[in-house]
Amino acid sequence: MSSILQRVGGWTASHAKRVLAGWLLLMIALGGIVAATGMNLATTYKVTGTESMEGLAVMAKRLPQAAGASEQVLFSTGGDIEGQRAAIESFIGKARKIEGVSTVTDPFAQQTRTVSRDGHHALILVQTDSSVGEAAGEPGPKAKAVSKELTQLASATQKSSPDLTVQRGANIGNSTSIGMSATELLGLVIAAIVLIVTLGSVVAAGAPLLTAATGVAIGMLGMLVAANFIDINSSTPVLAVMIGLAVGIDYALFIISRAREYLAEGVKPKEAAARANATAGSAVLFAGGTVIVALCGLAVARIPFLTVMGLSAAAMVAVAVLVAVTAVPALLGLLGGRLAPAKRKARKSRARGWVHFVTRVPALTFLGVVAIIGFLAVPLDQVRLALPTNGNEPVGTVQRDTYDAISRAYGQGYNSPIVVVADIKKSGNPLVQVTETAGAIGKLDGVDKVSLATPSPDGSFAFIQIIPKKGQADPATTKLVKEIRDAAPGLEKRFGLENVMVTGHTAVAIDIAAKLSSAILPFGIVVIGLSIVLLLIVFRSVAIPIIASLGYLLSLAAGMGAVFGWGWAADLLNVSKVGAVISFLPVIVMGVLFGLAMDYQVFLVSRMREVWLRTGHAKLAVREGFESSAKVVTAAAVIMIGVFAAFIPHGMPAVKPIALALTVGV
């Protein structure tokens, strides 16, 4: 492989303008397609083969009036909410006339009463039909129009009644834009500073940034083109950009650093590019391959959206590798001697002092590291899996403010309603059937109240919405969903029902969390087993794979434990919720961190092995190999941390915890 990469590096360095122009033309072509087709990204997470998703599909066919998106609207006042009844009823009447709105509940009616215990709040549910968008699918074309009218109506109601505050949940018409801000550019600034310090040259520092940006742009545009044909969630491109940017800069840095070593020895630029591609390029190819295989391994979970996430991120890494082994040598050939390092006086390396210190008593160093990282991993067992809710949105957003206000006024369960649907056998009074069924369900532990119970217009389908006492991520709510499902056969027999199913967003989130939890162990076995096999093949050593796997597992646990379990620095890092993380975080982080852990292991140990093959002296090989690669590997790690950390402050709820776990993990 090294001989092939050497020939590729030599050819691209000799035809630099042609190679770089080819990448540029590809970027322009993909950009033109995206400009013509737009960004067709999904907003939700679907899992096939679960009762909750099947229930949503059945509900869309049998009760389309309740199959669209929904949101809650909270009315609050400092006095008695009854005094604002006329304004609230006016809002309800006008909201019911909006095209696409199927139901608006009355908070003062006996069956749907939702006046808070202190009498200061009233809560209504606005339900759209399937024409506005399915509850677990992409919003329909009417969603934005409905959202706009609801916003105008809320504003007009509040203006006409100054003592009344109206807060929308804002779920209807939720945007599918890619959640990236200027804050993420801070990672590039950090990377630029690190590169300038490491390479000592603005020109040399700019090359990795240029090639990484090229790879990310092509990968992102390719993903948006693919979104026209397959379902790609809106958080997937952000995740892929974060990973692609980090590895793209690192891979370019490794090749350029090695080329500069050759240039310092007097090797001609094109030959230096070819040799660097053969040596560092081989390590890049192997390291990138491990990341790609790990990300593709997410398919082991057999969850479609997670598979797409993994494949998308893997494609981004593949582009980063291809750019690194083609565009980087081309730049090396184009820039020539300008990348050669300046001559400096020899001085004692900090890396030399460090490696002598940590290898003086290796067992003590090993135990110390395990103890420290192991301590950070302790709270991992306190972290639960859940899907993002409006409670995960940044403080100050409409969604988060309404979520918090509802939680304070009513309890967290009001933000996590559970839906029960069933077929009704022929009977004289379907309304009585549904009401009695709702009454039985309402007596279960964990139920706060039944907020809505109604048969379909033709009397053949039951729709029951219950409010749990706890929120979506609370174990008590998971237990309640299980209890309802366990009670289903008895309910069917007692009330003449068929096909009782628990569904709705809360049940979908619980089912996804359960399925992903069951996928962690087999995925972990595949990833760790793969790492052991790959490192055995490369280094023909048993110790190296074991050490690498142990370090990987400890880093993984620490990356998810301290902040999300104990809440350390949660406010500083703008982490909105602790105690629960997005369901697919462990699997995604396992895949990505595995690849990165193998990257650093390969780059460090491969240099040690080169010395060992030359000298046969183990301790000398460790020290010289570390000293020769520590500066670059440390710089690469700092760049990774900087890029990942930049996605924490204002990142999407689905991406922020992943960025944080990767930052700590690296």
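Remember, predicted model here, so these are calculated numbers, not experimental data.

Enquirer: Explain the overall build of the protein here, please?
Expert: Within the protein, the regular secondary structure consists of 20 helices and 10 strands. Looking at the 666 residues of the protein, the share that counts as buried comes to 54%. By element, 62% of the accessible surface of the protein is carried by carbon and sulfur atoms, the whole surface being about 28700 Å².

Enquirer: Would you explain the sheet that holds strand E4 (residues 164-168) in this entry?
Expert: As a general point, the strands of a sheet are linked pairwise by backbone hydrogen bonds and lie either parallel or antiparallel. Strand order in this open sheet of 4 strands is E2-E3-E1-E4, and the pairing throughout is antiparallel. Looking at strand neighbours, the two that pair on one side only are strand E2 (101-104) and E4, the edges of this open sheet. Here the strands of the sheet are splayed against their neighbours by 20° on average, with no regard to which way each runs. As paired strands, strand E1 (residues 70-77) and E4 are joined by 5 bridges and run antiparallel to one another. Among the inter-strand pairings, Leu74 is bridged to a residue of E4, identified as Gln167. Of the strands in this sheet, E1, E2, strand E3 (121-128) and E4 touch helix H4 (residues 85-96), which is tilted by about 155° from E2. Across the sheet, helix H5 (residues 143-160) is in contact with E1, E2, E3 and E4; its angle to E4 comes to roughly 165°.

Enquirer: Explain the packing of helix H8 (residues 235-264) against helix H19 (residues 618-645) to me, please; I cannot follow it from the model alone.
Expert: Relative orientation of the contacting elements H8 and H19 amounts to 160°, with a least axis distance of 9 Å. Taken together, the axis directions place H8 and H19 in an arrangement best described as roughly antiparallel. Relative to H19, the crossing made by H8 is right-handed. Contacts between H8 and H19 involve Met242, Ile243, Leu245, Ala246, Val247, Ile249, Asp250, Leu253, Phe254, Ser257 and Glu261 from the first element and Ser628, Val632, Val633, Ala635, Ala636, Ile639, Met640, Val643 and Phe644 from the second. Class assignment for the residues of the contact of H8 with H19 results in 16 nonpolar, 2 polar and 2 charged.

Enquirer: It is not clear to me how the sheet that holds strand E7 (residues 447-455) should be interpreted in this structure. Could you clarify?
Expert: The antiparallel open sheet is built from 4 strands, whose spatial order is E7-E8-E6-E9. Both outer strands of the open sheet, E7 and strand E9 (497-503), are each paired with one neighbouring strand and no more. Adjacent strand axes in the sheet meet at a mean angle of 20° when their direction is disregarded. In this sheet, E9 lies alongside strand E6 (residues 418-424) in antiparallel orientation, the contact comprising 5 bridges. Among the inter-strand pairings, Val421 is bridged to a residue of E9, identified as Met501. Packed onto the sheet, helix H14 (residues 430-442) meets E6, E7, strand E8 (461-468) and E9 and runs at close to 165° relative to E7.

Enquirer: Explain the side chain of Thr326 to me, please; I cannot follow it from the model alone.
Expert: By secondary structure assignment, the location of Thr326 is in helix H10 (residues 304-335). Polar side-chain contacts of Thr326 include one of 2.5 Å to the backbone oxygen of Leu322. Excluding residues within four positions of it along the chain, Thr326 makes contact with Val8, Thr12, Val19 and Trp23.

Enquirer: Teacher, can you tell me more about the packing of helix H11 (residues 350-360) against H19 here?
Expert: For any two helices packed against each other, the geometry comes down to the angle between their axes and how far apart the axes lie. The N-to-C vectors of H11 and H19 enclose an angle of 140°; their axes lie 9 Å apart at closest approach. Classified by the angle between their axes, H11 and H19 sit oblique to one another. Helix-helix and strand crossings are classified by hand; for H11 and H19 the assignment is right-handed. For the pair H11 and H19, contact is made by Ala351, Arg352, Trp354, Val355, His356 and Thr359 and by Lys619, Val622, Arg623, Phe626, Glu627 and Ala630, respectively. Here the contact of H11 with H19 is built from residues that sort into 6 nonpolar, 2 polar and 4 charged.

Enquirer: How do you make sense of the pairing of E1 when you look at a structure like this?
Expert: Within a regular strand, the side chains alternate between the two sheet faces. Buried residues dominate E1, accounting for 7 of its 8 residues. Direction of pairing for E1 relative to E3: antiparallel, over a ladder of 7 bridges. Each residue of the ladder has a partner; that of Leu74, found in E3, is Leu123.

Enquirer: How do you make sense of H4 when you look at a structure like this?
Expert: For an α-helix the count is 3.6 residues per turn, leaving residues at separations of three or four pointing the same way. In this model, H4 (12 residues) spans 16 Å end to end at C-alpha, consistent with the 16 Å of a helix rising 1.5 Å per residue. Buried within H4 are the following residues: Ala87, Ile88, Phe91, Ile92 and Ala95. On an axial view of H4, the arc spanned by its buried residues comes to 140°, and they lie on one face. What points out from H4, more than 90 degrees from its buried face, is the exposed set Ala86 and Lys94.

Enquirer: For this particular structure, what's the right way to read the packing of aromatic side chains?
Expert: Aromatic ring pairs are reported here in terms of the distance separating the ring centres and the angle at which the planes meet. Tallied over the full model, the rule gives 3 aromatic pairs. With 5.2 Å between their ring centres and 80° between their planes, Phe75 and Phe91 make a pair best called edge-to-face. Taken together, the residues span a long stretch of sequence, with Phe75 in strand E1 and Phe91 in helix H4 at a distance of 16 residues. Taken as a pair, Phe75 and Phe91 share a single burial class, namely buried.

Enquirer: Explanation requested: a nonpolar patch on the surface in the structure shown.
Expert: A contiguous nonpolar surface patch, about 380 Å² in accessible area, is contributed by Leu186, Val189, Ile193 and Val197. Position of Leu186 among the secondary structure elements: in helix H6 (residues 185-199).

Enquirer: Is there a simple way to think about the pairing of E7 in this case?
Expert: For E7 and E8, the ladder comprises 7 bridges, and the chain directions are antiparallel. When the sheet's bridge partners are listed, Leu452 is paired in E8 with Gln465. Hairpin remark: E7 followed by E8, antiparallel, with 5 residues in the connecting loop; positive phi at Gly459, about 75°.

Enquirer: Can you help me understand the pattern of salt bridges in this one?
Expert: Opposite charge on two side chains allows them to pair when their charged atoms are near. This model, assessed by the stated rule, comprises 15 salt bridges. We note a salt bridge from Glu271 to Arg275, for which the minimum N-O separation is 3.2 Å. Of this pair, Glu271 and Arg275 both sit in helix H9 (residues 269-296), 4 residues apart, which is roughly one turn of the helix. Linking Lys482 and Asp486 is a salt bridge whose minimum nitrogen-to-oxygen distance equals 3.0 Å. Highlighted residues: Lys482 and Asp486, both in helix H15 (residues 475-495), separated by 4 residues, approximately one helical turn. The same class applies to Lys482 and to Asp486, which are both exposed. One continuous salt-bridge network, built from bridges that share partners, spans Glu82, Arg85, Glu89 and Arg113.

Enquirer: What is the right way to read the environment of Ile639 from this model?
Expert: When you line up the elements, Ile639 lands in helix H19. Overall, the relative accessible area of 0% leaves Ile639 in the buried class. Taking the C-alpha atoms as reference points, Ile639 and Asp250, 389 residues apart in sequence, are found 7.5 Å from one another. The contact partners of Ile639, leaving out residues within four places of it in the chain, are Ala191, Val194, Leu195, Ile249, Asp250 and Leu253.

Enquirer: Just checking my understanding: could you explain the side chain of Thr663 for this structure?
Expert: Structurally, Thr663 can be placed in helix H20 (residues 656-665). Residue Thr663 is classed as buried on the basis of its relative accessible area, which comes to 14%. Of the polar contacts made by the side chain of Thr663, one reaches the backbone nitrogen of Ala645; its length is 3.3 Å. If near-sequence neighbours (up to four positions away) are discounted, Thr663 is found in contact with Ile641, Phe644, Ala645 and Ile648.

Thresholds, definitions, all that
- Residues numbered from 1 in each chain as written.
- Predicted model: local features only at pLDDT ≥ 70, side-chain atom pairs only at ≥ 80, totals over all residues.
- Heavy atoms only, no water.
- Helix = DSSP H or I, 4+ residues; strand = E, 2+ residues; numbered from the N terminus.
- Buried < 20%, exposed > 50% of the residue type's maximum accessible area, 1.4 Å probe, protein only.
- Areas by Shrake-Rupley, 256 points an atom, 1.4 Å probe, with all protein chains shown as cover.
- Pairing = 2+ DSSP bridges.
- Axes fitted to C-alpha atoms, helices over the stretch in contact; angles between N-to-C directions.
- Contact = heavy atoms within 4.5 Å.
- Parallel < 35°, antiparallel > 145°, perpendicular 65-115°, else oblique.
- Left-handed = near helix turned anticlockwise from the far one by under 90°.
- Nonpolar A, V, L, I, M, F, W, Y, C, P; charged D, E, K, R; others polar.
- Polar contact = N/O pair within 3.5 Å; in protein donor to acceptor, adjacent residues only side chain to side chain.
- Expected span 1.5 Å × (residues − 1).
- Arc of directions from axis to C-beta.
- Phe/Tyr/Trp six-rings, centres within 6.5 Å; stacked < 30°, edge-to-face > 60°.
- Patch = residues over 30% accessible without salt bridge, like charges linked within 9 Å, V, L, I, M, F, W, Y side chains within 5 Å.
- Salt bridge = Lys/Arg side-chain N within 4 Å of Asp/Glu carboxyl O.

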